[in-house]
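Working through the structure, step by step
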Amino acid sequence: MKKKISAVIAVIMALSIMLTMTACSNSNSKTIAVIAKGESHAFWQSVKEGAEDAGKKYGYKITFRGPASESAKDLPSQKEMVQTALSNNVNGLVLATIGEGFSDMLKQAKEKQIPVVQFDSGVWAEDIASLGSENPIVASVATSNYNAAALAATKFFEEIKSDIASTEGNYVVGIIQHDSTQTGIDRASGFEDKFKELADADSSTKGKVVIEKEVKPGDADNAYRTALEALYEKGVNAIFMSNEGVVKQVYDAIGASGKKYDNIKFCGYDAGSKQIEWMKSDKNPKLIGSVAQDSYQIGYQAVEQCIFALEGKNITETVAVDGAWWNSQNVDEMITQNLVYQG
């Protein structure tokens, strides 16, 4: 009996030690909270994968949250997520906000010595301007929207240059800008500036290109279909679409319009299942190509910079993640490389 009692006591003591060790381990775990502009979309899932892989490499726990949508109605929800992370005393914060009003929480992060990395479209400029010396942001990680759109312009120009040269009169290039945020502005201007530069530098196209732009406040009420129709009425020959939402609406509009838009050539931005389907289609009108953000690297490098800040390593204050051109020839390879997302 004594032996049995001793054995039971030994087991209890062993379990007690294990639980104590686990508790200590959990209390000492290093956590970085990633608060994105969304959670369920394929783009954000790819960001999450990159963030978690960086966490695994350096031994950090990653929590990943985002609001149901990027609209103003979900701004209070995202603010609550940030406040919860700060109240839980996370070690670091990686943040992309959908609106203004985070300055007080960012000041809290500074007071608590929690480094913040802004990523994707980051924190709104108005919030940053109000922080002054209480700014906890140590780095910014994002696609250079201007440069990526310029890459799209370069590749698109190469494909349609002969069309422009052979056109009598003006060749009209349309831009559908998805909103009036800095992201929308940078993408539209990056494309427009580069396309004009290339057209004016070539004797066969100089003076022949006219740019027409439609700027929308978002995708509600079929705004991008309306933009497509407006450009069509202006005699557009080619169109650049500044994000996945534009591509989706335009693709659906084309599918419901017969052959109306068959003579227009298109260029996209981002990715997604509908864009991939259009890219692979052998029907007119053609989606010539698109420029993708490397969403995996955005997540990975944002977390990595946050970890570097926590560990006193050298930080790259501005990490500009390259865009990548994709078309029907390399789409499957790009999917494999996590550069083109589905969903």
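Throughout what follows, the structure given in this document is the object of discussion. Note that the coordinates shown come from a computational prediction; the quantities given were computed from them, not determined experimentally. (Residues numbered from 1 in each chain as written. Predicted model: local features only at pLDDT ≥ 70, side-chain atom pairs only at ≥ 80, totals over all residues. Heavy atoms only, no water.)

**A look at the packing of helix H2 (residues 42-58) against helix H11 (residues 295-310)**
Across the interface, H2 lies against H11 with an axial gap of 6 Å and an inter-helix angle of 35 degrees. When the axes of H2 and H11 are compared, the crossing they make is right-handed. Contacts between H2 and H11 involve Phe43, Ser46, Val47, Glu49, Gly50, Ala51, Asp53, Ala54, Gly55, Lys57 and Tyr58 from the former and Ser295, Tyr296, Ile298, Gly299, Tyr300, Val303, Glu304, Ile307 and Phe308 from the latter. Within the contact of H2 with H11, the residues separate by chemical class into 11 nonpolar, 5 polar and 4 charged. (Axes fitted to C-alpha atoms, helices over the stretch in contact; angles between N-to-C directions. Helix = DSSP H or I, 4+ residues; strand = E, 2+ residues; numbered from the N terminus. Left-handed = near helix turned anticlockwise from the far one by under 90°. Contact = heavy atoms within 4.5 Å. Nonpolar A, V, L, I, M, F, W, Y, C, P; charged D, E, K, R; others polar.)

**Concerning H11**
With 16 residues, H11 extends 23 Å from end C-alpha to end C-alpha; this agrees with the ideal 22 Å at 1.5 Å per step. Burial analysis of H11 places 12 of its 16 residues in the buried class, which makes it a mostly covered element. Regarding H11, the residues found buried are Ser295, Tyr296, Ile298, Gly299, Tyr300, Ala302, Val303, Glu304, Gln305, Cys306, Ile307 and Phe308. Positioned one or two residues after H11, Gly312 has a phi angle of 70 degrees, which is positive. (Expected span 1.5 Å × (residues − 1). Buried < 20%, exposed > 50% of the residue type's maximum accessible area, 1.4 Å probe, protein only.)

**As for the packing of helix H9 (residues 244-255) against helix H10 (residues 273-280)**
Between H9 and H10, the least distance of the axes is 9 Å, while the angle of their chain directions is 55 degrees. Relative to H10, the element H9 lies oblique. In this structure, H9 crosses over H10, and the sense of that crossing is left-handed. Between H9, through Glu244, Val247, Lys248, Val250, Tyr251, Asp252 and Ile254, and H10, the contact on the second element is made entirely by Lys274, Gln275, Glu277 and Trp278. Of the residues contributing to the contact of H9 with H10, the split by class is 5 nonpolar, 1 polar and 5 charged. (Parallel < 35°, antiparallel > 145°, perpendicular 65-115°, else oblique.)

**Some remarks on the packing of aromatic side chains**
As enumerated under the stated definition, the model contains 12 aromatic pairs in all. Aromatic side chains Tyr58 and Phe308 sit 5.9 Å apart centroid to centroid with 85 degrees between the ring planes, which places their arrangement in the edge-to-face category. Separated by 250 residues along the polypeptide, Tyr58 in helix H2 and Phe308 in helix H11 bring together distant segments of the chain. Exposure remark for Tyr58: the relative accessible area of 18% places this residue in the buried category. The interplanar angle of 55 degrees and the centroid separation of 5.2 Å between the aromatic rings of Phe266 and Trp278 together place this pair among those described as tilted. With Phe266 in strand E9 (residues 265-269) and Trp278 in helix H10, this residue pair connects regions lying 12 residues apart in the sequence. Here Phe266 and Trp278 have matching classes, each one buried. Grouped by ring-pair contacts, the aromatic residues Phe156, Phe157, Phe191, Phe195 and Phe240 constitute a single cluster. (Phe/Tyr/Trp six-rings, centres within 6.5 Å; stacked < 30°, edge-to-face > 60°.)

**Side note on the sheet that holds strand E12 (residues 323-326)**
The sheet built from 6 strands is open, its strands ordered E7-E6-E8-E9-E10-E12 with mixed pairing. The sheet is open, and its two borders are formed by strand E7 (209-215) and E12, each paired with just one other strand. Averaged over all pairs of adjacent strands, the angle between strand axes in this sheet comes to 15 degrees, irrespective of strand direction. For strand E8 (residues 238-241) and E9, the ladder comprises 3 bridges, and the chain directions are parallel. Directly across from Ile239, in E9, lies its bridge partner Phe266. (Pairing = 2+ DSSP bridges.)

**Regarding the pairing of E9**
For E9, a buried count of 4 out of 5 residues is recorded, marking the element as mostly surrounded by other parts of the structure. Viewed along the sheet, the connection from E8 through H9 into E9 turns out right-handed. Regarding the hand of the β-α-β motif, the stretch spanning E9, H10 and strand E10 (residues 287-293) is right-handed. (Right-handed = clockwise from strand over helix to strand, strands pointing away.)

**A short note on the pairing of strand E11 (residues 318-321)**
A regular strand places its side chains so that they alternate between the two faces of the sheet. On E11, burial follows the alternation: Val319 and Val321 on one face are buried, whereas Thr318 and Ala320 on the facing-out side are not. Note: strand E5 (residues 137-143) against E11, 4 bridges, orientation parallel. Each bridged residue has a counterpart across the sheet, and for Ser140 the counterpart in E11 is Thr318.

**Looking at the nonpolar core**
By size, the foremost hydrophobic cluster in this structure holds 62 residues, and its most contacted members are Phe119 and Phe266. Top element by residues in this core is H11. It accounts for 8 residues. (Core = buried A, V, L, I, M, F, W, Y, C linked by side-chain atoms within 4.5 Å.)

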